[in-house]
Amino acid sequence: MMSWPFRIIGFLLWYAKEFLLANLAVTADVLRPRRRMKMRPAIVAVPAASRTDSEWTLISSLITLTPGTLTITISREHGILYVHGMFVESRAQLVADIQEMEDRLLNAMRREPGDLTRPTERPVVRPLDEAAPPFAPGAAQHPPTEAGERS
Amino acid sequence: MELIDIVQALGLLFIFLGIGTIIVSAIGLFKLPDLYLRASAVGTSAGLGVASIVLGALLMDFSGLNLLKAVIAIIAQLLTSAVGSMAIARAGYLNNALPAEITHIDELSLTRRSSDRS
């Protein structure tokens, strides 16, 4: 593991490279005729390892700054970045790209990289007022079977 | 050719590169189908376009003070354009600007209230 200042410089160089490549990709796709555009947009929930305010701010700004990816919102309590990607072949590919950037950022930001684990399963996020189940469990959840038992 | 001429030519090259990037992203504004893709495409002009014009101007009129000004201008521009794009995208999603139909995954729609879902 390199010492801290070199990790920061390494991250900045890596990010500059990614930034230029993303610019080229987006520019090329805009100039392509509409029928041959490679665009496959998607909005994906990416589990994130950021903890502090500054880490959340920086990772979401850097994602948005890279053309072709855009942070729409974050959920701190679930540890999720909602990222809109322009060229997404599969969910796993965008998640891997974003998490690689986050790993490198956190390695550069933290003197000791420490805990980089993320929630592995995507938590179920629902609006607050729909969190409670619509009916009490067991009461009328399986009307067909109950009706069958009674008759 | 003297060094100063080469630097001047390089400055002009960067400025025209920036202008080209901005023109392409303006074309993108017309061609792309929805708010989020457009916000992504404008990112190229707000980031690379403006940065390379500032860099070109710096090369054409180089001094220590101008270097400091250019670095501050580029960093401030990159940070504010990113925050602005996020604010626009978030406001759009909260106001039911639905993504275009070619969007093949939308995991954010799971968090919507069912009355808003379409």
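Residues numbered from 1 in each chain as written. Chains lettered and ligands numbered in written order. Predicted model: local features only at pLDDT ≥ 70, side-chain atom pairs only at ≥ 80, totals over all residues. Heavy atoms only, no water.

Peer 1: Can you break down the overall build of chain A residue by residue, with the values?
Peer 2: Per the secondary structure count, chain A includes four helices and three strands. Moving toward the C terminus, one meets the helices and strands of chain A in the order α-β-α-β-β-α-α. Across the 151 residues that make up chain A, the buried fraction comes to 43%. If you sum the accessible surface of chain A, you get close to 8600 Å²; carbon and sulfur atoms cover 62% of it. (Helix = DSSP H or I, 4+ residues; strand = E, 2+ residues; numbered from the N terminus. Buried < 20%, exposed > 50% of the residue type's maximum accessible area, 1.4 Å probe, protein only. Areas by Shrake-Rupley, 256 points an atom, 1.4 Å probe, with all protein chains shown as cover.)

Peer 1: Quick one: what's the story with helix H1 (residues 4-31) of chain A, residue by residue and with numbers?
Peer 2: Between its terminal C-alpha atoms H1 of chain A stretches 41 Å, which fits the 40 Å expected from 28 residues at 1.5 Å a residue. Among all positions in H1 of chain A, only Arg7, Phe11, Trp14, Tyr15, Phe19, Ala22, Asn23, Val26, Thr27, Asp29 and Val30 of chain A are buried. Tucked inside the fold, the buried residues of H1 of chain A contact helix H2 (53-65) and helix H3 (91-109) of chain A together with helix H1 (3-31) and helix H2 (35-60) of chain B. (Expected span 1.5 Å × (residues − 1). Contact = heavy atoms within 4.5 Å.)

Peer 1: Outline the packing of H1 of chain B against H2 of chain B, listing residues and values.
Peer 2: Residue and element names in this part refer to chain B. Look at H1 against H2: their axes get within 7 Å of each other, and the N-to-C directions meet at 165°. In terms of axis orientation, H1 runs roughly antiparallel to H2. Relative to H2, H1 is oriented so that their crossing is left-handed. (Axes fitted to C-alpha atoms, helices over the stretch in contact; angles between N-to-C directions. Parallel < 35°, antiparallel > 145°, perpendicular 65-115°, else oblique. Left-handed = near helix turned anticlockwise from the far one by under 90°.)

Peer 1: Tell me about the pattern of salt bridges, residues and numbers included.
Peer 2: All names here are of chain A. Within the structure shown, the criterion is met by six salt bridges over all chains. When the shortest N-O distance is used, the salt bridge between Arg32 and Asp29 registers 2.6 Å. Asp29 matches Arg32 in its accessibility class, with the two residues each being buried. Of the charged contacts, one joins Arg76 and Asp53 as a salt bridge, the two residues approaching to 2.1 Å between their closest N and O atoms. Remark: Asp53 occurs in helix H2 and Arg76 occurs in the loop between strand S2 (69-75) and strand S3 (80-85); sequence separation between them is 23 residues. The exposed category is assigned to Asp53, whose relative accessible area is 53%. (Salt bridge = Lys/Arg side-chain N within 4 Å of Asp/Glu carboxyl O.)

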